[in-house]
2 protein chains.
Amino acid sequence: MDFSSKLLENAVYEISQLPGIGKRTALRLALHLLRQPKDQTERLSFALQNLRNEIKYCKNCHNISDVDLCEICANPKREESLVCVVEDIRDVMAIENTGQYKGLYHVLGGKISPLDGIGPSDLNIHSLVEKVKEGVVKEIIFALSSTMEGDTTNFYIYKQVSPFNIKTSTIARGIAVGDELEYADEVTLGRSILNRIPFENSLKS
Amino acid sequence: MDFSSKLLENAVYEISQLPGIGKRTALRLALHLLRQPKDQTERLSFALQNLRNEIKYCKNCHNISDVDLCEICANPKREESLVCVVEDIRDVMAIENTGQYKGLYHVLGGKISPLDGIGPSDLNIHSLVEKVKEGVVKEIIFALSSTMEGDTTNFYIYKQVSPFNIKTSTIARGIAVGDELEYADEVTLGRSILNRIPFENSLKS
């Protein structure tokens, strides 16, 4: 693209560095901001910088939090012996929305992915193993996405914590509630048959 | 969405004020910035604020420009008697890319759209009429999108400039080069038949 303004070109370039945003979308967003009052751009810039510079993570579960210990970890009603391992804050939000989980979380901050240059030391794995060593944790639930990276990460953590006497489990994979069997993919359907549960258990929820 | 951090909630809110970006995408973008080095967020914020605060418009055609008179208006080789009326800088860029146009532009900054609260006085129409009055402009080419708003805007300007002795034209609508007739919409196909051109003319380009 051939811009008539360096200011515009630079703004479009920086916006298009965001994932999933190409040059055309970036130009559309920049032109939108130009049509809005100046303070909208100011509030956006300030919010982004503030987030990036002031962000804190819970010292226990590494979730994003404005205080040292996040609300979930600080809640005495949650079971601290049960820890659900997730990738990022979106997974915490999704599980919290179900209202079904009463344990704590451990946010890894990503998955092991050699292709993207993300190794175990880039993730919050060490502190999880330390928590297990201390003996407070009785069960770890793996809730990473079931991709190769997710499985690798699960297995890496599993090897680290298996010497200690704890339970490990992984969230159930199967046909979504309300879905038709004929449209399910084979891997999911296969897993849901292999990991079938006693019928009486299905009546509980 | 229930955030564990006000900083994150605020950033997500501000990002989701951009057109076409919902809360989920905004959260994805915010988390992306958190995983990148601080200076990426700094460069983005700075570029946006710089654009919004320092932006200048060409005093002749109102296109975005870092100097008083944009490159196109300042180019003595362009025909100043021919003015193409467009909505915004994206249209200028698209027409410039064709390499077919040697006149100047006039950027309106939008279209008349009562539903969005945009009236004639919100657009750069007055300065266009002034240019026509001064007698330098001999022909105006309307190149707005062929929507109701575009047609209204064309007609409004047409009424303003018609008392003066100038030519007005509109860009040709028709089947795109290389497109199959059977897939064209009826309105476009209808117009392309009504506005057919002498065959010899089609051999020129």
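Residues numbered from 1 in each chain as written. Chains lettered and ligands numbered in written order. Predicted model: local features only at pLDDT ≥ 70, side-chain atom pairs only at ≥ 80, totals over all residues. Heavy atoms only, no water.

- Labelled according to an unreviewed UniProt entry, chain A appears under the name Recombination protein RecR, originating from Zhouia amylolytica AD3.
- The heading Sequence similarities (unreviewed entry) in the UniProt record of chain A holds the text "Belongs to the RecR family."
- Reading the Function (unreviewed entry) entry of the UniProt record for chain A gives the comment "May play a role in DNA repair. It seems to be involved in an RecBC-independent recombinational process of DNA repair. It may act with RecF and RecO." (UniProt positions renumbered as here; feature names shortened; annotations may be inferred.)

### Considering the overall build of chain A
Point 1. Counting its regular elements, chain A contains nine helices and four strands.
Point 2. N-terminal to C-terminal, the α/β element order of chain A is α-α-α-α-β-α-β-α-β-α-β-α-α.
Point 3. By the compact-globule yardstick of 17 Å for 205 residues, chain A is too spread out, its C-alpha radius of gyration being 22 Å.
Point 4. Buried residues in chain A amount to 38% of all 205 residues.
Point 5. Within chain A, residue pairs in contact and separated by at least 24 positions form 47% of the contacts whose partners lie at least 6 positions apart.
Point 6. Side chains of chain A carry 24 positive and 28 negative charges; the gap between the two charge centres is 2 Å. (Helix = DSSP H or I, 4+ residues; strand = E, 2+ residues; numbered from the N terminus. Rg over C-alpha atoms; globule rule 2.2 N^0.38 Å. Buried < 20%, exposed > 50% of the residue type's maximum accessible area, 1.4 Å probe, protein only. Contact = heavy atoms within 4.5 Å. Lys, Arg positive; Asp, Glu negative; His and termini not counted. Charge placed at Lys NZ, Arg CZ, Asp CG, Glu CD.)

### Some points on the sheet that holds strand 2 (residues 103-107) of chain A
All names here are of chain A.
Point 1. Reading across from one edge, 2-1-3-4 is the order of the four strands in this open sheet, with parallel pairing throughout. Each end of this open sheet is capped by a strand with a single partner; those strands are strand 2 and strand 4 (167-170). Within the sheet, the average angular offset between the axes of one strand and its neighbour, ignoring direction, is 25°.
Point 2. Looking at chain direction, strand 3 (residues 139-142) and strand 4 are connected through four bridges and run parallel. Following the sheet pairing, Ile-141 is matched in strand 4 by Ser-169.
Point 3. Across the face of the sheet, helix 6 (residues 126-134) comes into contact with strand 1 (79-86), strand 2 and strand 3 while running at roughly 145° to strand 2. (Pairing = 2+ DSSP bridges. Axes fitted to C-alpha atoms, helices over the stretch in contact; angles between N-to-C directions.)

### Re the side chain of His-32 of chain B
Point 1. Checked against the element boundaries, His-32 of chain B lands in helix 2 (residues 23-35).
Point 2. Of the residues examined, His-32 of chain B reaches a relative accessible area of 16% and is grouped as buried.
Point 3. Not counting chain neighbours up to four residues away, the residues in contact with His-32 of chain B comprise Gln-17, Leu-18 and Pro-19 of chain A together with Gln-40 of chain B.

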